[in-house]
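Single-letter residue listing:
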Amino acid sequence: MERFWNKNTGSDRPVSPHITIYSWSLPMVMSICHRGTGMALSGGVSLFGVSALLLPGNFESYLEFVKSLSLGPALIYTAKFALVFPLMYHTWNGIRHLMWDLGKGLKTAQLYQSGVAILVLTVLSSAGLAAM
């Protein structure tokens, strides 16, 4: 084993492929973002549940507090968009993954087409939900 490490440390190269050698592609970035939004949504739901158990008052009292801040409609819309965007992205991309599980859309051109479609659907559905 020592011979292995001596050979690899002496060659002045990474032990495994490093992220800098890869050419970034849309499917690669979308896969990373899908995992990130999944973790963020899981953490957000957990934080919301724990805060509902531990913080005093009820949900309505916190809504009244936010209303009392007199935030402008643009700021409220932006906050709502920021909250719903990860949910919509993860949902649409999850449907895309289900289609892949069925063996559909796995050609390279289809990966890029469905990726762009997911991004467009995400922005449109997020904008629509934030406007509610």
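Values in this document were obtained by computation on a predicted structure and should not be read as measured data. (Residues numbered from 1 in each chain as written. Predicted model: local features only at pLDDT ≥ 70, side-chain atom pairs only at ≥ 80, totals over all residues. Heavy atoms only, no water.)

### Here we look at the overall build of the protein chain
The line we're drawing: Elements are defined by DSSP. Helices are runs of H or I of four residues or more, strands are runs of E of two residues or more, and each kind is numbered from the N terminus. We compute the radius of gyration from the C-alpha atoms alone; for a globule the expected value is 2.2 Å times N to the 0.38, where N is the number of residues. Note on classification: 1.4 Å probe, protein chains only; a residue is buried when its accessible area is under 20% of the maximum for its type, exposed when over 50%, partly exposed between these limits. What makes two residues a contact is simply this: any of their non-hydrogen atoms within 4.5 Å.
What the protein chain contains, in helices and strands, is 5 helices and 0 strands. Relative to the globule expectation of 14 Å for 132 residues, the C-alpha radius of gyration of the protein chain, 22 Å, shows a markedly less compact shape. Along the three orthogonal principal directions, the C-alpha set of the protein chain runs to about 65 × 40 × 30 Å. A total of 132 residues make up the protein chain; the buried ones form 12% of that total. Restricting to contacts in the protein chain with at least 6 residues of sequence separation, those with at least 24 account for 80%.

### Observations regarding unusual backbone geometry
A positive phi is found at S70, a non-glycine position, where the angle reads about 50°. Following the sequence through the fold, S70 ends up in the loop between α3 (59–68) and α4 (73–101). Classification of S70 as exposed rests on a relative accessible area of 63%.

### Describing the packing of aromatic side chains
Describing an aromatic ring pair means giving the distance of the ring centres and the angle of the ring planes. The condition that has to hold: Note on aromatic pairs: the rings of Phe, Tyr and Trp (six-membered ring only in Trp) are paired at centre separations within 6.5 Å, and the planes decide the class, stacked below 30 degrees, edge-to-face beyond 60, tilted for the rest.
Overall, the coordinates contain 4 aromatic pairs when judged by the stated rule. Between F48 and F59 the ring centres are 6.1 Å apart and the planes differ by 75°, which places this aromatic pair in the edge-to-face class. Of the two residues, F48 is situated in helix α2 (residues 26–54) and F59 in helix α3; the sequence distance between them amounts to 11 residues. Aromatic rings pair up to connect Y77, F81 and F85 into one cluster.

### Comments concerning the side chain of N93
Rule in force here: Contacts described as polar in this section are N or O atom pairs within 3.5 Å, which, within protein, must combine one atom able to donate a hydrogen with one able to accept it, while residues neighboring in sequence count only if both atoms come from side chains.
Relative to the helices and strands, N93 is located in helix α4. A polar atom in the side chain of N93 sits 3.2 Å from the side chain of H34.

### Focus on the environment of M30
By the secondary structure assignment, M30 is in helix α2. Apart from the residues lying within four places of it in its own chain, the contact partners of M30 are Y89, N93, R96, G115, I118 and L119.

### Focus: helix α5 (residues 108–130)
Residues that lie three or four places apart on an α-helix share one face, since the helix turns once every 3.6 residues. For the record, the criterion: Expected span, for any helix, means 1.5 Å times one less than how many residues it has.
With 23 residues, α5 ought to run about 33 Å at 1.5 Å a step, and its terminal C-alpha atoms sit 33 Å apart, in line with that. Looking at α5, one finds that the buried residues are L111, G115, I118, T122, S125, S126 and A130. Tucked into the core, α5 has its buried residues touching α2 and α4.

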